[in-house]
Structure formats: C-alpha cells, structure tokens
Amino acid sequence: MSEKHGYMKALRCRECGREYPLEATHVCEFDFGPLEVAYDYERIKKSLTAEAVTARPRSMWRYRELLPLAGEPTVGLQAGFTPLVKADRLAKKLGIRELWIKNDAVNYPTLSFKDRVVSVALSRSKELGFDTVACASTGNLANSVAAQAASAGLKAYVFIPNDLEHGKIVNSLIYGANVIGIKGHYDEVNRLCAEIAGKFAWAFVNVNMRPYYAEGSKSMAFEIAEQLGWQAPQHTVVPMASGSLLTKIHKGYQELVKTGLIARDGAKIHGAQASGCAPISAAQKAGLDFFKPVKPDTIAKSLAIGTPADGFYALKVMRETGGAAEDITDAEIREAIQLLAETEGIFAETAGGVTVGAAKKLIASGKIPANESAVLCITGNGLKTLDAIQGHVRKPREIRPSLREFEALVAQEEKAKA
Ligand SMILES: *Cc1c(COP(=O)(O)O)cnc(C)c1O
Ligand SMILES: [Zn+2]
C-alpha cells in the first residue's frame, strides 16, 4: 500500500456521485444521498489474487484490499471466516436440491454477523483518531461494539430500545460499556443518536461512520464465494433490518467479478423479514420501489427497524438481481429456529428463524426453484434470544437418580409408541 488512503479513493454519494474526503461523514450535502466508499479496483486487482487470499489467515481480513482502511486492521483481527455448511437434511425438508448455511451464529467475538461491521468501524475509528465509539442498536451491534471497544481500549456508548432480550442487554453490560436503554423503539433510538452524533465528537459506527461500517458486510459474500470454490451461488437469502447487509452482499459478489476473483455474478438476492416488521418485504411483494414505514411488533427484535435506512436500495438489488422478499409470523419464526436446530444442529437467533422460514416460503412458491442451489445467511446465535422460545420448547423429564425409574420411563415411552 503506497498511498495515504490505502486502496480507498473517496467517499462517493450514491445519488449524484459527488465525492467527499475520507472522513467521519455519511450524507451528501446536496441531496442527502448516502455516501459509500469508492476504491481503486485496478490497483486492488494486482494484489488481491485467489492465491494471495488463500495464503492469508482465515479471517475476514484476507480481503483487506476491499475493506475501507488506510493501513492494517487493529480491531477485530479474528472476525469472519465462519463455516459454510452443506445442509442436506434441511434441504430435504425445504424441498431444494442443494442448500448451504453461512453460519455467522459462531462469528468471533460476539456470535453475530455484526462482528464484521464493527471490526471495520472500530479499526477505521482508530485511524481517524477517535477515543469514543457509539452506536444505535437492535442488540447485536451493541454487543459487538461493547466487546470490541473493550478489547481495543476505546470508550463505548451503546443505545438500545429498553425492551430488548435479556441476553442482549447482559451481553452489552458485561464489557463495561455505557449502555443507555431508550424508552422507545429502534427508530426513535436512531433519531436520538443522529442528534447526539451532531453534538458529541464520537465515532457513531452506524451514523457518521456508516460508510465504513457497512462495507464490513461485504466480507460475508467474499467468503461464501471462496468457500463455494470461487463462484457466486445461484440464490442468497439475507435477513433484512435496515437492508444494509443485503445490499452489501450484492456489492461483495460484484466486486469479486470486478477484481477477477470470480467469473460472473448471476446471484439472485432474496430478502427475509418478520411479518411484524416487514416494510421492505411488503413493498417488494407489492412491486413498489419505496417502502412505507411501520411500527415494529415481532419477536425478531434484531430485525425490528420500521424505517429501514437502506430499504430503497435493498428493493433495488432484489429487482435488479431477480430476487424476491418474504416475511413470516412469530410462530413460524419459532418453528424455523427449531427446524434448523433439529436438522443441522445449529441454534440460531430469531433472525435466523426468519431467514430459514422465509426461504421455505420462497422455495414453496418457486421463486427459488427446487432444482437450484441456495445459501442462507444465518446472522446470530440462539443463546442470545432465549426469551423468544422460552415456553415453546419441550421440558426435560425428571426422575430420581434410580435405574428403576429410568427403566420405567423407557418402558412407558415404548408403550406410547406402540
Ligand atoms: C443487524 C442484523 C441483521 C441485518 O441488519 P441490516 O441492518 O439489514 O444490515 C441481520 N441479522 C442480525 C442478527 C442482525 O443483528
Ligand atoms: Zn449527492
């Protein structure tokens, strides 16, 4: 890396293309369009070859040239490179020829895909000289910011709706972060954070640092393609909160084509939401370019964003790739969590249930043809959303520590089966 900004060229407005310096800023002054990182792909092409990538450590940073840092990463060096699991038993249940699970439920260090975006955002925050980081979160982002700020020696403020799952709250507090519970839903937390970001000189990972933060999501697509033997899958199903991950998975596949790592990208990108908060899915199904904001009411709290910042662009990606959206009820979410666990031994959080359940619908309706191949993005761990399934799973049967009692129990079971 010779230049001052590494492989980055500028921040560029998605609407008008105006360029901005590579600072902590996220909207265009002329049309309020979101800013995105622009790269020097010609230079990247020279050092990011398949041989170079596979020789590097197994983390998201093996794609370092396509991630928005000037120098080397300093936070989250172990994030990413999660397993891509061939899911034959689930495939059979869903009625599809070939199915894969990209399992970010075991991402390092906080067991969700947010470890990718936070690794990038905090590394970049340090480059820009910040000593305090902050975020507006539906839970997983708060966990990751709190943990990674602790390990990086940064001060952290995390803002969350006050009705989150117990597991998500404890998983933020334990790291010593300042956790602020807001009496309101995520969209109100987010609005407040935009105001706070204007007053305090902090790195707000999903406000003023959003252009850098969001780029971290591309690494999920890079890894999927590499793990499939350097090709994009026919179908990728992605859970949507703000819609950012979905748009970046698409950008990720496209960049692999641009840099020559894969031959072509024909991947159809599909979006999944909970019916209790489905502004993007509802718009896609109605054939609209714009979503209508909603008030969230679902157990999938990590996806409960009623006014999704990237909803417009997520709709565009689905339209352009030939993808579709689906949404499922809370009861279907619980069923899908259980189905994934019982067939593949993977315990996902509510967002994972949303993805599996939505994929089931997409396959049943033929939007994902049964004779094709799909990747499901599982983005978070079930141990953090136990509240959502408590009371809905079976109870253990209890006996005294006696062989006789156990034999009686087995005999009873045999009888019930007969
Ligand atoms: C944040 C999150 C997502 C996706 O969020 P986007 O805002 O759409 O990028 C998906 N799953 C989980 C578990 C999350 O925490
Ligand atoms: Zn603009």
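Counting from 1, residues in each chain are numbered in the order their sequence is written. Both sets of labels track the order of writing: A upward for chains, 1 upward for ligands. Local features in this predicted model are restricted to residues of pLDDT 70 or higher, and side-chain atom pairs are both shown and tallied only at a pLDDT of 80 or more, whereas totals for entire chains, interfaces and linings draw on every residue. To get the side-chain values, take all heavy atoms of the structure and skip hydrogens and water.

A. How the structure looks around the coordination of the zinc ion (ligand 2). Coordinating donors are taken to be N, O and S atoms lying within 2.8 Å of the metal, or within 3.2 Å when the metal is Na, K or Ca; because water is excluded from the atom set, some sites may appear incomplete. Binding of the zinc ion (ligand 2) to the protein goes through C13 (SG), C16 (SG), C28 (SG), D31 (OD) and D31 (OD), at separations of 2.3 to 2.5 Å. Along the chain, the residues donating to the zinc ion (ligand 2) fall in the pattern C-x2-C-x11-C-x2-D. Owing to a relative accessible area of 4%, C13 belongs among the buried residues under this scheme. To sort residues, take the accessible area from a 1.4 Å probe on protein chains only and compare it with the maximum for the residue type: under 20% means buried, over 50% means exposed, and anything in between is partly exposed. The exposure class assigned to C16 is partly exposed, which follows from its relative accessible area of 35%.

B. Geometry of the pattern of salt bridges. A carboxyl oxygen of Asp or Glu within 4 Å of a side-chain nitrogen of Lys or Arg is what we treat as a salt bridge. According to the stated counting rule, one finds 30 salt bridges in the structure shown. Between E19 and R12 there is a salt bridge, and its shortest N-O distance comes to 2.7 Å. Its relative accessible area of 47% is what places E19 among the partly exposed residues. On the basis of relative accessibility, which here comes to 32%, the residue R12 falls in the partly exposed class. Two residues, E36 and K251, come together in a salt bridge whose shortest N-O distance is 3.8 Å. In this pair, E36 is assigned in strand β3 (residues 35-39) and K251 in helix α10 (residues 244-258), connecting sequence segments 215 residues apart. Going along the chain from the N terminus, every DSSP run of H or I of four or more residues is numbered as a helix, and every run of E of two or more is numbered as a strand.

C. Main features of the site of ligand 1. Being near a molecule or strand, for a residue, means having at least one of its heavy atoms within 4 Å of it. Surrounding ligand 1, one finds 15 residues, the nearest of these being K114, S242, G243, L245 and T379. Counted as a polar contact is a pair of N or O atoms within 3.5 Å, where, for protein atoms, one must be capable of donating a hydrogen and the other of accepting one, and residues adjacent in sequence contribute only when both atoms are in side chains. Here an oxygen atom of ligand 1 sits 2.9 Å away from a polar atom, N or O, in the main chain of A241. S244 has a polar backbone atom sitting 3.4 Å from an oxygen atom of ligand 1. Relative to its unbound accessible surface of 390 Å², ligand 1 loses 96% to contact with the protein. Only the protein chains shown count as cover for residues, and all accessible areas are computed by the Shrake-Rupley method using a 1.4 Å probe.

D. Representation of the layout of surface pockets in the model. Lining residues are defined by having an atom within 4 Å of a point belonging to a cavity or pocket. Those points lie on a 1 Å grid over the protein atoms alone, cavities being sets where a 1.4 Å probe fits but cannot get out and pockets being open sets with protein on both sides within 12 Å along at least five of seven lines. Grid points are joined across faces, edges and corners, and a volume is the space filled by probe spheres set on the points. There is about 530 Å³ of room inside the second largest pocket. Every element with two or more residues in the lining of the second largest pocket is listed here: β1 (8-13), β3, α10 and α12 (311-321). Looking at the lining of the second largest pocket, the element that brings in the most residues is α10, giving 7 residues. Looking at the lining of the second largest pocket, its residues break down into 7 nonpolar, 3 polar and 11 charged. Note that Gly is not counted as nonpolar here; it falls among the polar residues with everything else outside the nonpolar set of Ala, Val, Leu, Ile, Met, Phe, Trp, Tyr, Cys and Pro and the charged set of Asp, Glu, Lys and Arg.

E. Structural detail: the environment of I182. Structurally, the position occupied by I182 is in strand β8 (residues 178-182). Looking at I182, the relative accessible area reads 16%, which means it is buried. Residues I182 and I160, spaced 22 residues apart in sequence, show a C-alpha to C-alpha distance of 6.0 Å.

F. Region of interest: the domain arrangement of the chain. Splitting the chain by domain gives domain 1 (8-49 + 113-211) and domain 2 (84-110 + 214-389). Domain 1 and domain 2 are separated by 22 Å when their C-alpha centres are compared. Here, residues are in contact when the closest pair of their heavy atoms is within 4.5 Å. Each partner contributes to the interface: domain 1 provides 35 residues, whereas domain 2 provides 41 residues. Each of two parts loses accessible area, computed with a 1.4 Å probe, when they are put together; buried area is these two losses added. Buried area between domain 1 and domain 2, both sides added, is near 3300 Å², and the carbon and sulfur share of it is 50%. As used throughout, domain bounds are those supplied by an automatic or database domain assignment.

G. Broad picture of the environment of F204. For F204, the position within the fold is in strand β9 (residues 203-204). Expressed as a C-alpha distance, the spacing of F204 and A194, which sit 10 residues apart in the sequence, is 8.8 Å. Excluding its chain neighbours within four sequence positions, the residues that come into contact with F204 are A134, C135, A136, F159, C193, I196, A197, M209 and R210.

H. How the structure looks around the packing of aromatic side chains. Centre distance within 6.5 Å is the pairing criterion for rings of Phe, Tyr and Trp, where only the six-membered ring of Trp is used; planes under 30 degrees apart are then read as stacked, over 60 as edge-to-face, and the remainder as tilted. Tallying each qualifying case throughout the model produces 8 aromatic pairs. Seen from their ring centres, Y63 and F222 are 4.9 Å apart, and the 40° between their planes marks the pair as tilted. Here the residue Y63 occupies a position in the loop between α2 (50-55) and β4 (84-86), and F222 occupies one in helix α9 (residues 218-227), the gap between them amounting to 159 residues. For the pair shown, Y63 and F222 are each scored as buried. Look at Y157 and W202: their rings are 4.4 Å apart centre to centre, the planes differ by 15°, and that puts the pair in the stacked class.

I. View of a nonpolar patch on the surface. Every patch collects residues that have over 30% relative accessible area and no salt bridge, joining them within 9 Å if they carry like charges and within 5 Å if they are nonpolar side chains (Val, Leu, Ile, Met, Phe, Trp, Tyr). Side chains of I399, L403, F406 and V410 sit close together on the surface and give an oily, nonpolar patch of about 350 Å² of accessible area. Following the sequence through the fold, I399 ends up in the loop between α15 (386-389) and α16 (403-417).

J. Inspection of the sheet that holds β3 at higher detail. DSSP bridges decide pairing: two strands pair if at least two such bridges lie between them. Ordered by their spatial adjacency, 3 strands build an open sheet running β2-β1-β3, and the pairing between neighbours is antiparallel. Each edge of the open sheet is held by one strand with a lone partner, namely β2 (19-20) and β3. The sheet contact formed by β1 and β2 spans 2 bridges and is antiparallel. Residue pairing in the sheet places R12 in a bridge with E19 of β2.

K. View of unusual backbone geometry. Residue Y108 is joined to P109 through a cis peptide bond whose omega torsion reads 5°. Here P109 is to be found in the loop between β5 (98-103) and α4 (114-127). Unusually for a residue other than glycine, L111 sits at a positive phi of about 65°. Its place among the elements puts L111 in the loop between β5 and α4. Phi is positive for W230, which is not a glycine, with a value near 60°. Tracing the sequence through the fold places W230 in the loop between α9 and β10 (235-239). Assessed through its relative accessible area of 22%, W230 is described here as partly exposed.

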